[in-house]
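Observations on the model geometry
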Amino acid sequence: MSWAGPDDIFLSTSLATYLDKKLLVLLRDGRKLLGLLRSFDQFANVVLEGACERVIVGDLYCDIPLGLYVIRGENVVIIGELDLEKEELPSRMNPVSEAEIKRAQKAEREATDLKGSMRKRMEFLDFD
Amino acid sequence: MTYLFFSYFKDLVGREVTVELKNDLAIRGTLHSVDQYLNIKLENTRVVDQDKYPHMLSVRNCFIRGSVVRYVQLPPDGVDIELLHDATRREARGG
């Protein structure tokens with residue numbers, strides 16, 4: 001990000017316009033972090049205050065509190081400004097406890113692993 | 001360092017583009033700004049496959065790190081291909 005003059009902050013790609021706002025940060029590993037932007041630099045390193053991870057499995061979700069986070073810029077995919085007047089999630093989604101979302105995550109992971117191993121077995125048999 | 005694409009994107013500010021990311025997420029929006037790293041700020045954004053990305057529902061403006069972009073899809077009349085072609089030839093010549 002280039003450092004712009006005082007009049008340019010509204011036209012430049014600087015994260016300054018997002019300071020103190022509630023943001024959604026998407027990471028390369030697929031995690032979704034929410035929090036208030038307190039600091040940033042030219043590498044898109046970011047400090048989020050009151051951060052939480054929003055875990056979504058199907059129609060279930062849970063916000064797991066994390067506290068004060070420093071995110072290394074190379075992991076950042078998108079930094080999105082949340083419109084406070086809009087619903088953050090579709091109404092079909094249901095909030096659940098941390099324990100329940102972790103169980104759902106495990107079940108989803110096991111289903112994906114099973115699908116992967118079955119596919120490998122089919123490929124070995126060389127079906128068309 | 002050559003700023004050919006940075007200059008080109010600066011001329012596209014205000015146009016509608018669709019940015020496709022390396023994680024397959026595609027976002028449509030108005031190009032607000034770009035920088036030397038080809039980081040992109042989009043306004044008035046909509047995710048292309050909204051049902052697959054429920055967490056993006058209320059995101060209307062975003063900053064996209066240049067390193068995660070796969071494609072920037074442009075309007076067909078957004079490309080003055082001859083201008084870009086000439087600039088590239090000049091760069092290649094060492095100009």
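Note: the structure precedes this text.
This is a predicted model, so every value here is computed, not measured.

The subject of this paragraph is the overall build of chain A. Looking only at helices and strands, one finds one helix and six strands in chain A. Classification of the 128 residues of chain A by burial places 37% in the buried group. By sequence separation, contacts in chain A at least 24 residues apart represent 49% of the contacts at least 6 residues apart. Looking at chain A as shown, the accessible area adds up to about 8,100 Å², and 54% of this sits on carbon and sulfur atoms.

Another point: the overall build of chain B. Along the backbone of chain B there are two helices and five strands. The order of helices and strands in chain B, counted from the N terminus, is α-β-β-β-β-β-α. Seen through its principal axes, chain B has C-alpha atoms that stretch 50 × 25 × 20 Å. Relative to its full complement of 95 residues, chain B shows a buried share of 44%. Of the contacts made within chain B by residues no fewer than 6 positions apart, 46% connect residues no fewer than 24 positions apart.

We now examine a nonpolar patch on the surface. Together, A:M122, A:F124 and A:L125 make up an exposed nonpolar region whose accessible area comes to about 380 Å². Along the chain, A:F124 falls in helix α1 (residues 98–125).

Turning to the state of the cysteines, a few remarks are in order. A disulfide bridge is the covalent bond that connects two cysteines by way of their sulfur atoms. Counting across every chain of the model gives zero disulfides over all chains. With no disulfide of its own, A:C52 lies 8.9 Å from the sulfur of A:C62, the closest cysteine sulfur. Residue classification places A:C52 among the buried residues on the basis of a relative accessible area of 15%. In this model B:C62 remains outside any disulfide bridge; the closest cysteine sulfur is found in A:C52, 19 Å from its own.

Cut-offs applied
Residues numbered from 1 in each chain as written. Chains lettered and ligands numbered in written order. Predicted model: local features only at pLDDT ≥ 70, side-chain atom pairs only at ≥ 80, totals over all residues. Heavy atoms only, no water. Helix = DSSP H or I, 4+ residues; strand = E, 2+ residues; numbered from the N terminus. Buried < 20%, exposed > 50% of the residue type's maximum accessible area, 1.4 Å probe, protein only. Contact = heavy atoms within 4.5 Å. Areas by Shrake-Rupley, 256 points an atom, 1.4 Å probe, with all protein chains shown as cover. Patch = residues over 30% accessible without salt bridge, like charges linked within 9 Å, V, L, I, M, F, W, Y side chains within 5 Å. Salt bridge = Lys/Arg side-chain N within 4 Å of Asp/Glu carboxyl O. Disulfide = S-S within 2.5 Å.

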